[in-house]
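Here are the chains, one letter per residue:
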Amino acid sequence: MTMLRRITRHPLFWPVLALVVLIVVNTISRPSFLSITVKDGGLYGSLIDILRNSSQLMLVSLGMTLVIATRGIDLSVGAVLAVSGAVSLTIIGSSDTPGDLGTVTVAILTGLLVTLVLGIWNGFLVSVVKIQPIIATLLLMFAGRGIAMLITKGQITTITSDPYRYLASGHLLGLPVAFLIAIVVVVLVSLVVRRTALGMLLEAVGINPEASRLAGVQSRGIIWMVYALSGVLAGLAGILYSSNIMAADANNAGLNIELDAILAVVIGGTSLMGGKFSISGTVVGVLVIQTLTTSITFLGVPPAVTPLFKALVVIVICLVQSQKARDMLFSRRRRRTAAPAAAPAAVVAEAETEAVAR
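About the criteria used
- Residue numbers restart at each chain and count upward from 1, following the sequence in its written direction.
- Whole-chain, interface and lining totals are the exception, using all residues; otherwise, since this is a predicted model, local features are given only for residues with pLDDT of at least 70 and side-chain atom pairs are given and counted only at 80 or more.
- Just so you know, side-chain values use all the structure's heavy atoms and leave hydrogens and water out.
- Burial status follows relative accessibility: with a 1.4 Å probe on protein chains alone, a residue under 20% of its type maximum counts as buried, one over 50% as exposed, and anything between as partly exposed.
- Only DSSP runs of H or I with at least four residues qualify as helices, and only runs of E with at least two residues qualify as strands; both kinds are numbered from the N terminus onward.
- Residues belong to one nonpolar core when they are buried, are Ala, Val, Leu, Ile, Met, Phe, Trp, Tyr or Cys, and are joined through side-chain atoms within 4.5 Å.
- The contact criterion used is simple: two residues touch if any of their non-hydrogen atoms lie within 4.5 Å.
- Working definition: rings of Phe, Tyr and Trp (its six-membered ring) pair if their centres are within 6.5 Å, and the pair is stacked with planes under 30 degrees apart, edge-to-face with planes over 60 apart, and tilted otherwise.
- Axes, fitted as lines to C-alpha atoms, cover a helix only where it is in contact. Angles between the N-to-C directions of the axes lie from 0 to 180 degrees.
- Angles below 35 degrees are treated as roughly parallel, those above 145 as roughly antiparallel, those between 65 and 115 as roughly perpendicular, and all remaining angles as oblique.
- The residue classification treats Ala, Val, Leu, Ile, Met, Phe, Trp, Tyr, Cys and Pro as nonpolar and Asp, Glu, Lys and Arg as charged. All others, Gly included, are polar.
- Two strands make a pair as long as DSSP finds a minimum of two bridges between them.
- Take the far helix as your reference; a near helix turned counterclockwise from it by less than a right angle gives a left-handed crossing, and one turned clockwise gives a right-handed crossing.
- The residues that make up patches have over 30% relative accessible area and no salt bridge, and they are joined within 9 Å when like-charged or within 5 Å when they are Val, Leu, Ile, Met, Phe, Trp or Tyr.
- Only the protein chains shown count as cover for residues, and all accessible areas are computed by the Shrake-Rupley method using a 1.4 Å probe.
- A carboxyl oxygen of Asp or Glu within 4 Å of a side-chain nitrogen of Lys or Arg is what we treat as a salt bridge.
- Per residue, pLDDT captures the predictor's confidence, and it can take any value from 0 to 100.

Asks: Account for helix α12 (residues 257-267), with residues named and values stated.
Replies: In terms of residue burial, α12 counts as a mostly covered element, since 8 of its 11 residues are buried. Along α12, the residues classified as buried are I257, E258, D260, A261, I262, A264, V265 and I267. Following α12 by one or two positions, G269 adopts a phi angle in the positive range, close to 100°.

See below:
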């Protein structure tokens, strides 16, 4: 019993259980859900599609995790994603050699550089100007779409470039390249924040920025850094997104992805109050969100009802994760089971009283 309680109290238990339940539901509704085929050296199937499609959200959620760890929020990641794709595809589209590896490399690096500047701008507003993170990033959330529209001149830019397409549709060791890119980035960031003092400093800044500053922690630089990193990760996600559709759509690219990222971070156990964060939990949360999105599509839920359905499922998961909600539920159960047991004791006491009176 103690072991079971210890397992259920692990932060990743309920997110993993939710993911397993979603997989089981999909398998029951579509027995072919778990089937994986091999074609031209690559793996194909519903599970592989979930891994491929989760790469963009995983990168955005990773940056969101670090930002939330410092008691912040980044609502501009969707717009930054759109800017990255617009910059990269505009460079490739205007080149005489769109299929050249050098051209693609320059386009990708330029897109990432632009998003780094946007992330630095967010960090400047939050850490130096001291604007509330939700307001500072909300500015770029709206302005970023306009920037992307200016870059693409209001048109959907399309290109033909095999090296660029390979990022989203290619396979390496049987797995999608996009997913491998996301996993490599997650592993690198995890090693940096957990094998160095950076993770402890992030938590210190998130718990109490003023106390950490008085203790000698450069909280301004750390906050600035996480917003810059969030911008770069959103930019990389934008490159994968545009590579998947081979077009730059400033209006729809990354639309509402910031909301899914926040949900994934919360499901993974990261506290919105700052300080406590879990990168592994975020990865599981992303898989839950992506599997849920895929499930909704295959179950035939109308698109208009999809946000409501997703919200209900996420609320259930968050309630199950809440220790306070579980304590309230279990305390009611204990009171119900204790009530019948108390009745015989009262009867015995009454009988003893009557015997003494006689």
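Now that the structure has been shown, the text picks up again.
Asks: Go over the nonpolar core with me, naming the residues and quoting the values.
Replies: Residues M58, L59, M64, Y164, V193 and L202 are the most contacted members of the largest nonpolar core, which totals 78 residues. Once residues within four sequence positions are removed from consideration, M58 is found in contact with F179, A182, I183, V186, V283, V286 and L287.

Asks: Describe the packing of aromatic side chains, naming the residues involved and giving the relevant values.
Replies: In this description, a pair of aromatic rings is defined by centroid distance and the angle of the planes. According to the stated counting rule, one finds 2 aromatic pairs in the structure shown. Taking the centre distance of 6.0 Å and the plane angle of 45° together, the rings of F124 and W224 count as tilted. Here W224 lies in helix α11 (residues 219-245) and F124 lies in helix α5 (residues 101-127), a separation of 100 residues in the sequence. The partly exposed category is assigned to F124, whose relative accessible area is 30%. Taking relative accessible area as the criterion, W224 reaches 29% and is therefore assigned partly exposed. An aromatic cluster of at least three residues, connected via ring pairs, comprises W121, F124 and W224.

Asks: Could you give an account of the packing of helix α7 (residues 162-169) against α11, with specific residues and numbers?
Replies: Between α7 and α11, the least distance of the axes is 7 Å, while the angle of their chain directions is 105°. Taken together, the axis directions place α7 and α11 in an arrangement best described as roughly perpendicular. Counting all contacts with α7, which are made through Y164, R165, L167 and A168, the residues of α11 involved are I239, L240, S242, S243 and N244. Here the contact of α7 with α11 is composed, by residue class, of 5 nonpolar, 3 polar and 1 charged.

Asks: Explain unusual backbone geometry residue by residue, including any values.
Replies: In this model, D40 sits at a positive phi of 55°, which is unusual for a non-glycine residue. As for its placement among the helices and strands, D40 is situated in the loop between β1 (36-39) and β2 (42-45). The residue K130 is not glycine, and still its phi comes out positive at about 65°. Of note, K130 is situated in the loop between α5 and α6 (133-152). With relative accessibility at 59%, the residue K130 sits in the exposed group.

Asks: Report on the pairing of β1, specifying residues and quantitative values.
Replies: Bridging between β1 and β2 involves 4 bridges; their strand directions are antiparallel. Pairing of V38 across the sheet is with L43, part of β2. Linking two consecutive strands that pair antiparallel, namely β1 and β2, is a turn of 2 residues; a positive phi of about 55° is found at D40 within it.

Asks: Give a detailed account of the packing of helix α4 (residues 77-93) against α5, specifying residues and quantitative values.
Replies: Pairs of packed helices are described in terms of their axes, by the angle between the two and the distance that separates them. Look at α4 against α5: their axes get within 8 Å of each other, and the N-to-C directions meet at 150°. The pairing of α4 with α5 is recorded here as roughly antiparallel in orientation. Considering the relative orientation of α4 and α5, their crossing is right-handed. Judged by residue contacts, V80, V83, S84, V87, S88, I91 and I92 of α4 engage T103, V104, A107, I108, T110, G111, V114, T115 and L118 from α5.

Asks: Requested: an account of a nonpolar patch on the surface, with residues and values cited.
Replies: A surface patch of nonpolar side chains, amounting to about 540 Å² of accessible area, comprises V305, L308, F309, L312, I315 and L319. Within the element layout of this structure, F309 appears in helix α14 (residues 306-321). In this structure F309 comes out as partly exposed when scored by relative accessible area, which is 31%.

Asks: Explain the confidence of the model for the protein to me, using residue names and the numbers behind them.
Replies: Within the protein, residue pLDDT values average 83, and 88% of them lie at 70 or more. Of all helices and strands in the protein, the one with the weakest mean pLDDT is helix α15 (residues 323-357) (54), whereas α5 scores best (93). Across residues 345-349, where pLDDT falls below 50, the model places 0 contacts with residues more than four positions away in sequence or in other chains. Per-residue pLDDT stays below 50 along residues 354-358; that stretch engages in 0 contacts with residues further than four places along the chain or on separate chains.

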